[in-house]
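Descriptive analysis of the structure
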Amino acid sequence: MKKYLFLLMAATSTTAFSAPYVGLEYGVTNMNHDYSTTFSETAGDVTLTPDDSNSAFGGFVGYRFNDFGLELGYKKFESDDSRSKTINYNPPVETEREWNADLDATQFTFKPVYFYNFNEKLQLKTGLGLTYTQYKYDSSAYTETENDLTDQESISDHEHGASKSESVFGAIASVGVEYMVMPSLALGASASYQVDSIANSTSFMLSSAYYF
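Overview of the structure. (Residues numbered from 1 in each chain as written. Predicted model: local features only at pLDDT ≥ 70, side-chain atom pairs only at ≥ 80, totals over all residues. Heavy atoms only, no water.)

**Some words on the side chain of Lys75**
Just so we agree on the cut-off: Secondary structure is summarised from DSSP: a helix means a run of H or I of at least four residues, a strand means a run of E of at least two, and numbering begins at the N terminus for each. Counting of polar contacts relies on pairs of N or O atoms within 3.5 Å, with two restrictions inside protein: one atom must be capable of donating a hydrogen and the other of accepting it, and residues adjacent in sequence are counted only when both atoms are side-chain atoms. Residues count as neighbours in contact if any of their non-hydrogen atoms are within 4.5 Å of one another.
Residue position: Lys75 is located in strand β5 (residues 68–90). Polar contacts involving the side chain of Lys75 include one to the side chain of Ser203, which spans 3.0 Å. Excluding residues within four positions of it along the chain, Lys75 makes contact with Glu25, Thr29, Ala56, Phe57, Gly58, Ala105, Thr106, Gln107, Ser192, Ser203 and Met205.

Put into structure tokens, the structure is as follows:
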């Protein structure tokens, strides 16, 4: 009888700490990469490198087995760079030369995660895993003429710059904390570093997660 009671208690304990979960996250991501475009202009070359910090959003699903879990994630982020120069101004008509470059990234992650409970409300969450990232880079230049009185615009001298789409595997490491505001709902913050053969990125995200 004691043996069966012990097995029942063990099974109940495992169930209490095992659960699927889903979450959403939003924050900022900074990318370092080799994408750039140089446009040759009469007044001098213009080089664009979209490596500024920009907003990122995503989601994740996972399953927790006591202190460990497996998690699938999705994240979308982008970066851009632009220049503009007035080449003629004869009020109310203004003519500008515009240069733009955009880098969009769609990232999928798979990682084992480790949970450590500081107390009943606060827990640490770390992960180390793999990424599959789709990069899409595009750049262009054009001349824009605008009439300030009529709000009429016209585009001319459009020039396509470098354009490329690539998909690669990489690695990611993350660390964060979650606070249980309700028995099943957690709010958290995390930082992650991701690297592959094309780029590396650092992300700081705020998240919400629901444990079933």
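**Considering a nonpolar patch on the surface**
This is how it is decided: Every patch collects residues that have over 30% relative accessible area and no salt bridge, joining them within 9 Å if they carry like charges and within 5 Å if they are nonpolar side chains (Val, Leu, Ile, Met, Phe, Trp, Tyr). Here the open area of atoms and residues is found with the Shrake-Rupley method and a 1.4 Å probe, where only the protein chains shown may cover a residue. For this analysis, a salt bridge means a side-chain nitrogen from Lys or Arg found within 4 Å of a carboxyl oxygen belonging to Asp or Glu.
A cluster of nonpolar side chains, Val22, Val61, Tyr63, Phe65, Leu70, Leu72, Phe110, Tyr210 and Phe212, forms an exposed patch at the surface whose accessible area comes to about 840 Å². Elements that contribute at least two residues to the nonpolar patch include exactly β4 (54–65) and β5. No other element matches the three residues that β4 contributes to the nonpolar patch. Structurally, the position occupied by Leu72 is in strand β5.

**Some remarks on the nonpolar core**
Among soluble globular proteins, nonpolar side chains are generally buried collectively. Defined as follows: Residues belong to one nonpolar core when they are buried, are Ala, Val, Leu, Ile, Met, Phe, Trp, Tyr or Cys, and are joined through side-chain atoms within 4.5 Å. Residue exposure (1.4 Å probe, protein chains only): buried if accessible area is under 20% of the type maximum, exposed if over 50%, otherwise partly exposed.
The biggest cluster of nonpolar side chains holds 18 residues, and the ones touching the most others in it are Met31, Tyr35, Leu48, Trp99, Leu103, Tyr135 and Ile198. At four residues, the largest contribution of residues to this core is made by strand β6 (residues 93–117). Contact partners of Leu48, with chain neighbours within four places excluded, come to Tyr35, Ser36, Thr37, Phe39, Asp81, Ser82, Arg83, Trp99, Asn100, Ala101 and Tyr137. Ranked by size, the runner-up nonpolar core spans eight residues in total, among them Phe60, Val113, Met180 and Tyr211.

**Let's talk about the pairing of strand β10 (residues 199–211)**
Note the following rule: Between any two strands, at least two bridges found by DSSP are needed for them to pair.
Of the two faces of β10, only one is covered, namely that formed by Ala199, Ser201, Ser203, Met205, Ser207, Ala209 and Tyr211; the face formed by Asn200, Thr202, Phe204, Leu206, Ser208 and Tyr210 stays uncovered. Here 13 bridges tie strand β1 (residues 18–33) to β10, and the two strands are oriented antiparallel to one another. Residue pairing for β10: Asn30 is matched across the bridge by Thr202. Bridge count between strand β9 (residues 185–196) and β10: 11 bridges; the pairing is antiparallel. Counted as the bridge partner of Ser190 is Met205 from β10. Joining the antiparallel neighbours β9 and β10 is a turn of two residues.

**Some points on the pattern of salt bridges**
Opposite charge on two side chains makes pairing possible when the charged atoms of those side chains draw close. Inspection of the entire model under this criterion finds four salt bridges. When the shortest N-O distance is used, the salt bridge between Glu41 and Arg97 registers 3.6 Å. With a gap of 56 residues between them, Glu41 in the loop between β2 (37–39) and β3 (46–48) and Arg97 in strand β6 connect regions that are remote in the sequence. The class of Glu41 is partly exposed, set by a relative accessible area of 21%. Owing to a relative accessible area of 9%, Arg97 belongs among the buried residues under this scheme.

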